Amino acid sequence: MQQRYTTKKYDSSAKIAAAEIAELKEILRLSPSSINSQPWKFTFVSDTATKKALEEDGLVRRRVYHKKPPLKVEYTLTDFGKTLIPLVQTIADWGESVAE
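Computed from a predicted model, the values in this text were never measured in an experiment. (Residues numbered from 1 in each chain as written. Predicted model: local features only at pLDDT ≥ 70, side-chain atom pairs only at ≥ 80, totals over all residues. Heavy atoms only, no water.)

Novice: Give a detailed account of the pattern of salt bridges, specifying residues and quantitative values.
Specialist: Once their charged atoms are close, side chains differing in charge can pair, the charge on each being opposite to the other. Taken as a whole and assessed by the stated rule, the structure comprises one salt bridge. One salt bridge in this structure joins Glu26 and Arg29, with 2.7 Å as the shortest N-O distance. Here the residue Glu26 and the residue Arg29 both occupy positions in helix α1 (residues 18-29), the gap between them amounting to three residues, near one helical turn. Under the relative-accessibility criterion, Glu26 is labelled partly exposed at 35%. (Salt bridge = Lys/Arg side-chain N within 4 Å of Asp/Glu carboxyl O. Helix = DSSP H or I, 4+ residues; strand = E, 2+ residues; numbered from the N terminus. Buried < 20%, exposed > 50% of the residue type's maximum accessible area, 1.4 Å probe, protein only.)

Novice: Hey, could you go over a nonpolar patch on the surface for me, with residue numbers and the actual values?
Specialist: On the surface, Leu84, Leu87, Val88 and Ile91 cluster together to form a nonpolar patch covering roughly 350 Å² of accessible area. Relative to the helices and strands, Val88 is located in helix α4 (residues 85-99). (Patch = residues over 30% accessible without salt bridge, like charges linked within 9 Å, V, L, I, M, F, W, Y side chains within 5 Å. Areas by Shrake-Rupley, 256 points an atom, 1.4 Å probe, with all protein chains shown as cover.)

Just distances and angles here, no functional claims.
In C-alpha cells:
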C-alpha cells in the first residue's frame, strides 16, 4: 500500500477482509516515528457488542461525525480508560515474554 486514496462513498455495512486488516496492522507497525521510537500501541476491536460494552463501562468515548460523508465514527479512551494502560501494558509484556 504505497498510495493514498480518498473515499467518496462509504458503505458502513461492508466488512473489511481479514487479509486487509492484517496488511493495515503491518503498515501501522512499520510507520515511521521520531528517532524510530514507534511509541504507539494499537488494539483492533471489530465486535460491535464489545465496543458498546466498553462505551457503557466508561472506558471509551464514541463520537460520530455526520457533517459530511463518509460517516466517521471515532473511539477514544476516556480518562478512566487511560488508567488501565499500565495494567494492560504489563499483561501484554508478560504475554510477549511467555510467547518467546
